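Overview (structure and organization)
The residues making up each chain are set out below.
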Amino acid sequence: MYGVKDQLRAELDQIEADGLTKKERLITTPQAAHIGTTQGEALNFCANNYLGLANHPDIVAAAREALDEWGFGMASVRFICGTQTQHRDLEKAIADYVGTEDAILFPSCFDANGAIFEVLLTAEDAVISDALNHASIIDGVRLSKAQRFRYANRDMAELRSRLEEAREAGARRTLIVTDGAFSMDGYLAPLEEICDLAEEFGALVMVDDSHATGFVGEGGRGSHEACGVMDRVDILTGTLGKALGGGSGGYVAGPVEVVELLKQRGRPYLFSNAVAPAVVAGSMKALEIARDSDEPRQVLRRNAELFRSLMDEAGFELLPGEHAIVPVMFPGDDGARKAAEIADAMLAKGVYVIAFSFPVVPRGQARIRVQLSAAHSEDDVRACVDAFVAARDEVG
Ligand SMILES: *Cc1c(COP(=O)(O)O)cnc(C)c1O
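The notes below deal with the structure included here. Just so we're clear, the structure is a prediction, and the values are computed from it rather than from any experiment.

Topic: the sheet that holds strand β9 (residues 250-254)
The seven strands are arranged β3-β9-β8-β7-β6-β4-β5 in an open sheet whose pairing can be described as mixed. The two strands at the open ends of the sheet, each matched to only one other strand, are β3 (102-106) and β5 (147-151). If you compare each strand with its neighbour and ignore which way they point, the axes differ by 20° on average. Examined bridge by bridge, strand β6 (residues 174-179) and strand β7 (residues 204-208) share five bridges and lie parallel to one another. Pairing of Leu175 across the sheet is with Leu204, part of β7. Against the sheet, helix α4 (residues 85-98) contacts β3, β8 (235-239) and β9, and its axis sits at roughly 125° relative to β3.

Some thoughts on the nonpolar core
In terms of nonpolar packing, the biggest core is built from 85 residues, with Phe307, Val328, Ile368, Leu372 and Phe388 touching the most fellow members. In terms of residue count, the dominant contributor to this core is helix α13 (residues 295-313) (seven residues). Ile104, Leu262, Tyr269 and Leu270 belong to the second largest nonpolar core, which has 23 residues in total.

Quick look at a nonpolar patch on the surface
A contiguous nonpolar surface patch, about 280 Å² in accessible area, is contributed by Met1, Val4 and Leu8. Secondary-structure assignment places Met1 in the segment before α1 (4-17).

Observations regarding unusual backbone geometry
Along the chain, Phe358 connects to Pro359 via a cis peptide bond; the corresponding omega equals 10°. Topologically, Pro359 is positioned in the loop between β12 (354-356) and β13 (365-371). Even without being a glycine, Arg154 presents a positive backbone phi close to 60°. For Arg154, a relative accessible area of 31% translates into the label partly exposed.

Points about the site of the ligand
In the region of the ligand, 13 residues are neighbours, and Cys109, Phe110, Asp208, Thr239 and Lys242 sit closest. Thr239 is positioned with one of its side-chain polar atoms (N or O) 2.6 Å from an oxygen atom of the ligand. Against a free-state accessible area of 380 Å², the protein chains account for coverage of 83% of the ligand. Of the residues contributing to the shell around the ligand, the split by class is two nonpolar, eight polar and three charged.

A few points about the side chain of Asp179
On the secondary structure map, Asp179 appears in strand β6. The side chain of Asp179 sits in the buried core without any salt bridge; Lys242 is the nearest counter-charge, 8.1 Å away. Of note is the side chain of Asp179, whose polar atom sits 3.2 Å from the backbone nitrogen of His134. If sequence neighbours within four positions are ignored, Asp179 has contacts with Leu132, Asn133, His134, Ile137, Ala189, Val207 and Asp208.

Observations concerning the environment of Thr38
Along the chain, Thr38 falls in the loop between β1 (34-37) and β2 (40-44). Taking the C-alpha atoms as reference points, Thr38 and Arg25, 13 residues apart in sequence, are found 7.7 Å from one another. If sequence neighbours within four positions are ignored, Thr38 has contacts with Leu26 and Thr28.

A word on the pairing of strand β4 (residues 126-130)
Of all the five residues making up β4, five are buried; the element is thus mostly covered by neighbouring parts of the structure. Judged by which residues are buried, β4 turns out to be covered on both faces: Ala126, Ile128 and Asp130 on one side and Val127 and Ser129 on the other are all buried. As judged from the five bridges shared by β4 and β5, these two strands associate in the parallel manner. By the bridge assignment, Asp130 is partnered in β5 with Tyr151. Judged from the four bridges that link them, β4 and β6 form a sheet pairing that is parallel. Note that in β6 the partner of Ala126 across the bridge is Thr174.

Overview of the environment of Val127
Along the chain, the position of Val127 falls in strand β4. Exposure remark for Val127: the relative accessible area of 1% places this residue in the buried category. Placed 50 residues apart in sequence, Val127 and Val177 show a C-alpha to C-alpha distance of 7.3 Å. Setting aside residues no more than four positions away along its own chain, Val127 makes contact with Phe117, Leu121, Val141, Ala146, Gln147, Arg148, Phe149, Leu175 and Val177.

Definitions and limits used
Residues numbered from 1 in each chain as written. Predicted model: local features only at pLDDT ≥ 70, side-chain atom pairs only at ≥ 80, totals over all residues. Heavy atoms only, no water. Pairing = 2+ DSSP bridges. Helix = DSSP H or I, 4+ residues; strand = E, 2+ residues; numbered from the N terminus. Axes fitted to C-alpha atoms, helices over the stretch in contact; angles between N-to-C directions. Contact = heavy atoms within 4.5 Å. Core = buried A, V, L, I, M, F, W, Y, C linked by side-chain atoms within 4.5 Å. Buried < 20%, exposed > 50% of the residue type's maximum accessible area, 1.4 Å probe, protein only. Patch = residues over 30% accessible without salt bridge, like charges linked within 9 Å, V, L, I, M, F, W, Y side chains within 5 Å. Areas by Shrake-Rupley, 256 points an atom, 1.4 Å probe, with all protein chains shown as cover. Salt bridge = Lys/Arg side-chain N within 4 Å of Asp/Glu carboxyl O. Near = heavy atom within 4 Å. Polar contact = N/O pair within 3.5 Å; in protein donor to acceptor, adjacent residues only side chain to side chain. Nonpolar A, V, L, I, M, F, W, Y, C, P; charged D, E, K, R; others polar. Lys, Arg positive; Asp, Glu negative; His and termini not counted.

Now the structure itself:
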């Protein structure tokens, strides 16, 4: 390694000295509301397991049956010999659920976002991106040669200015891209306003609905359903790794031509292995549950409402909203330390939540991000609030 090992060690030491080291907590059980860890049992409030499907018996059964029927691995990318009929069935079911003509699976949503911009946009085109968009959108945009514009989070006046700049720059195609729900604060993108602006400027709209598909909107179809613009969003990306079973895989959903072109030119589709058969079957079952049953969504909504109202009563500062992501705010210079200490104290009481501070969120806006799940019971939610109160008393 010619001394590189020492250089890397110094870099790691600096990350540690800055207090930014991320440590893996080792889980000893399946993903659930109640988990075991190598440091004891914990009530889990930091999974993306919104509908509680990650260890749902029907999904486990579907995946187990698929192991027998479809085998373990594909050992091929999709276009060579990696497409089973069930891959296409899942793609059609996703498209039908989110309301597009077709969809295409990727190994992850990270890869879906890695594919789409390069395929859709050239140097003649423009992409206009919300400043808080997910890292995979930022990376995907970098892979394209399009001119890049950025607007402050959900700031429609800035979006309009960027659209004007893109038009003045003579862009052939202009694509507006936004997360449907922003992961650090649970806010939805103002999709109706975005679609209005897109229409005015002749731009396309793409929404990454990873933190929405399955549970946001009346039927769980996503942020575009919640905002009443299901037929106005052109392209959606999403993940099978969150509400829809939490296995793995992602997709692009949109017009047939977009899907067909991705099959010709989408690099993660062409050069990375197909989603494993058991994951496809389990994800299909998860999608069916999300589509056919309102109950997990209702339980999730009840849990989020209960948590928000109890925390409000207890005097905590929350970001407003209805999303199952509930940020508990610790503002000011001392907030980062306080949030971290409270999260530690809560874990000692068996409640697992995560504190976020700069640079993940803006300076002075430290928070503990609580994620509710349909797998939580009312008692679980109350236990979480009790732990917040006790930890606050302890930390002062
Ligand atoms: C989680 C997430 C992703 C990544 O999804 P994977 O399938 O895990 O790669 C992409 N975009 C957004 C907005 C996300 O929240």
